[in-house]
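Descriptive analysis of the structure
For reference, the chains in residue letters:
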Amino acid sequence: RVDTWKTSMRLRKGVDALKKKADSDCWSSTDAKCDMGILLSTGYESIVVKDPAAAREYFEKAAENGSTRAGTRLALYQLNGHAGKRDRCDALVRLGVGMAQCEPLACRTLAVGYDEGKYGLIKDTKRAKKLWEQVAGVSERLGTFPAFAEEARARLQELMPATLGLPPLRPSYFADDA
């Protein structure tokens, strides 16, 4: 019980230090702003209370300082009108910048958008396939978001026949005729 309390106090001190750095006007605090936004967007046990509006503010500040990671997360807020104004146009621009800089979450969001015709994007199987390939490659190369790489590989298996102009694969194609 004492160990749990000590761990909780260390985490609380770490969050306080992160918040102090994130609230500073120093240029080097951009990553701290993004990290604080992530903590506030998800909440963290009893140490950080979930606060989407504050998270969006941190993402906005970090994105203004050039953080692609924060810009991508801000784009997700903008797409859904979460904790503020909905702005699909700005969100898609931010996601495009993130995709160009190989940010896995931006690549995945655009892949889903083209794959399913979401976020005001026209359904485009060929573009979705290219983006899913980028998601798989970036996720594996960076060693981040392993679930994205797995999702991308599965989606690419499904999309392969469509991009070649073939009908979707069905299990009966592989069944033994004998």
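Scope of this entry: the structure provided in the associated data block. Remember, predicted model here, so these are calculated numbers, not experimental data.

Let's shift gears to the packing of helix H2 (residues 30–42) against helix H3 (residues 52–64). Orientation of H2 relative to H3, taken along the N-to-C sense of each, is 160 degrees, at an axis distance of 8 Å. One finds that H2 runs roughly antiparallel with respect to H3. Between H2 and H3 the crossing geometry is left-handed. Of the residues in H3, those touching H2 at Thr30, Lys33, Cys34, Met36, Gly37, Ile38, Leu40 and Ser41 are Pro52, Ala54, Ala55, Tyr58, Phe59, Lys61 and Ala62.

Quick look at the nonpolar core now. The biggest cluster of nonpolar side chains holds 21 residues, and the ones touching the most others in it are Leu95, Trp132 and Val135. Elements with a contribution of two residues or more to this core: helix H4 (68–80), helix H5 (88–100), helix H6 (104–116), helix H7 (125–142) and helix H8 (146–163). It is H6 that contributes the most residues to this core, seven residues altogether. If sequence neighbours within four positions are ignored, valine 135 has contacts with Cys107, Arg108, Ala111, Phe148 and Ala152. Membership of the second largest hydrophobic core comes to 18 residues, among which are Val15, Ala32, Leu39 and Phe59.

On to the environment of glutamine 78, then. Here glutamine 78 shows up in helix H4. If we skip the residues at most four places from it in the chain, glutamine 78 touches Arg56, Lys85, Arg86, Asp87, Arg88, Asp90, Ala91 and Arg94.

Each value, and the rule that gives it
- Residues numbered from 1 in each chain as written.
- Predicted model: local features only at pLDDT ≥ 70, side-chain atom pairs only at ≥ 80, totals over all residues.
- Heavy atoms only, no water.
- Axes fitted to C-alpha atoms, helices over the stretch in contact; angles between N-to-C directions.
- Helix = DSSP H or I, 4+ residues; strand = E, 2+ residues; numbered from the N terminus.
- Parallel < 35°, antiparallel > 145°, perpendicular 65-115°, else oblique.
- Left-handed = near helix turned anticlockwise from the far one by under 90°.
- Contact = heavy atoms within 4.5 Å.
- Core = buried A, V, L, I, M, F, W, Y, C linked by side-chain atoms within 4.5 Å.
- Buried < 20%, exposed > 50% of the residue type's maximum accessible area, 1.4 Å probe, protein only.

The quantities given are spatial measurements derived from coordinates; they are silent on function.
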